[in-house]
Amino acid sequence: MANSKYAYVRNFELPDPLLPGTFLVFRLDGHSFHRFSDAHEFAKPNDVRALQLMDHAARDTMELYPDIVLAFGDFLLKKSTSIYNRRQSKIVSTLTSQFTSSYVFYWPRYFPNTPLQYPPSFDGRIVLYPTEKVVTDYFAWRQADTHINNLYNTTFWALVQQGGQTPAEAHATLRGTFSKDKNEILFSRFNINYNTIDSRFRKGSILVREEVDDDVLPLDVKIQASGEHVPQHSGSPSRAKSPRSGAIDAPGTSVPAPVLVSSDPSNMTKETIDFVDHDLVPKSLVSHEPYSASVVSSGHQSNDQPISTSNPDNSESNESSIPVPTSEVHNQEPTQTITRSTTTQPTQKGKSKSKAKSKSKSKVTRIVLLHCDIIHEEFWSNRPELLSD
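Residues numbered from 1 in each chain as written. Predicted model: local features only at pLDDT ≥ 70, side-chain atom pairs only at ≥ 80, totals over all residues. Heavy atoms only, no water.

## Observations concerning helix α2 (residues 48–64)
Count 3.6 residues to each turn of an α-helix, and residues three or four apart come out pointing the same way.
Okay, so step 1: End to end, α2 covers 25 Å across 17 residues, agreeing with the expected 24 Å (1.5 Å per residue, within 8%).
Okay, so step 2: In terms of burial, α2 is a largely internal element, 12 of the 17 residues being buried.
Okay, so step 3: Listed as buried for α2 are Ala50, Gln52, Leu53, Asp55, His56, Ala57, Ala58, Arg59, Asp60, Thr61, Met62 and Glu63. (Helix = DSSP H or I, 4+ residues; strand = E, 2+ residues; numbered from the N terminus. Expected span 1.5 Å × (residues − 1). Buried < 20%, exposed > 50% of the residue type's maximum accessible area, 1.4 Å probe, protein only.)

Right under this line is the structure:
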């Protein structure tokens, strides 16, 4: 900036650094979304399309900012993050803008027959938490709130849509009731077992970042033939597949491709990117739920710029970006990108370069969508990397 007599005005811009050594939770809320959902005729009590669109926008935000390790309505950033030099206004404004723009951009895919009546808006804020215990309690509180709200809404709309009550009458019926009372109303009057309702509605959507060795995911499994030429590593011949589109989609195409779903005894539903060869997976595990997570690069943030999933201009990194076309059932899913960051480990003196290269390990970061109990300690103990640096 020019050093002129007017430069003194910069003194009015106050620094707003966030306290170091604390976890950052970026809280994001839809602004006046009751009105927005009514104007766009969201299905009640839950609209799967709207929830999948939220998941997609959250995933896009996590892909662009590798220091975000978890999203559950809100975003958890690593304790050691130095994103934008931990400037509060910069982080809040940028993450809010990124999520909002993704939500608007992908709206036509999930609501192809419902044009936006007016632009949606979101507000954000940063809350600092000092310890791991406080962080886990925070997300437990958020999931408990999800359960309470969804049980109320499910019962309320059953009374209105199936019971013939007016909204005012339904609110009066539920006034002063507890969870057991609402469950009894659902089961005795409408034959609805709340525990069998989709876990997406009961537990919410959780996006977590997992780092895995690149050799865990063979290239010929990750990259499925799409009728277009895709780069192949030596020793990994492509397999013959049915033609699939891997082109980048434009707004107006519909929902994404199916995903691999698996369940464990804790009633957890796990969705991962559809790079898995379905010929190698039992058909009983293949879901047709239209959502897929992504595999993106792991990396460290610079002080003022986010890390992109592909960085062809970074001469200091040894990365290769490979387009990964996902599969299709009804409509197209945009080409995903796996960026491999190769890091050479320090070697002892006297070792040859060839031996040093053999010790190099390539890592990929996988963003996985879960519908499970974040409220229990097992969720965190099974994923210690979420709270470690």
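## Observations regarding the nonpolar core
For soluble globular proteins, nonpolar side chains are generally found buried alongside one another.
Okay, so step 1: Phe26, Phe75, Ile91, Phe99 and Tyr103 are the most contacted members of the largest nonpolar core, which totals 33 residues.
Okay, so step 2: Among all residues touching phenylalanine 26, those that are not within four sequence positions of it are Asp74, Phe75, Leu77, Val92, Leu95, Thr96, Gly124, Arg125 and Ile126.
Okay, so step 3: Residues Leu76, Val208, Ile374 and Phe379 belong to the second largest nonpolar core, which totals 20 residues. (Core = buried A, V, L, I, M, F, W, Y, C linked by side-chain atoms within 4.5 Å. Contact = heavy atoms within 4.5 Å.)

## A short note on the pairing of strand β3 (residues 74–77)
Okay, so step 1: Neither face of β3 is exposed, since Asp74 and Leu76 on one face and Phe75 and Leu77 on the opposite face are all buried.
Okay, so step 2: Bridging between strand β1 (residues 23–30) and β3 involves 3 bridges; their strand directions are antiparallel. Across the sheet, phenylalanine 26 pairs through a bridge with phenylalanine 75, a residue of β3.
Okay, so step 3: Judged from the 4 bridges that link them, strand β2 (residues 68–72) and β3 form a sheet pairing that is antiparallel. For alanine 71, the partnering residue across the bridge sits in β3 and is phenylalanine 75.
Okay, so step 4: The antiparallel pairing of β2 with β3 creates a hairpin that spans 1 residue between the two strands, and glycine 73 there sits at a positive phi of about 75°. (Pairing = 2+ DSSP bridges.)

## Comments concerning the packing of aromatic side chains
Okay, so step 1: Going through the model one piece at a time under the given rule, you end up with 24 aromatic pairs.
Okay, so step 2: Ring plane angle 45° and centroid distance 6.1 Å describe the contact between tyrosine 103 and tryptophan 107, whose orientation is recorded as tilted.
Okay, so step 3: The exposure class assigned to tryptophan 107 is buried, which follows from its relative accessible area of 2%.
Okay, so step 4: Relative to tryptophan 141, the ring of tyrosine 138 has its centre 5.8 Å away and its plane inclined at 55°; by these criteria the two rings are tilted. Here tyrosine 138 pairs with tryptophan 141, and both are found in helix α5 (residues 132–161), just 3 residues apart, close to one helical turn.
Okay, so step 5: In this structure an aromatic cluster arises from ring pairing among Phe26, Phe33, Phe36, Phe42, Phe75, Phe99, Tyr103, Trp107, Phe111, Tyr118 and Phe122.
Okay, so step 6: A cation over an aromatic ring shows up here: lysine 90 above the ring of tyrosine 84, its NZ or CZ 5.4 Å from the ring centre. (Phe/Tyr/Trp six-rings, centres within 6.5 Å; stacked < 30°, edge-to-face > 60°. Lys NZ or Arg CZ within 6 Å of the ring centre and 35° of its normal.)

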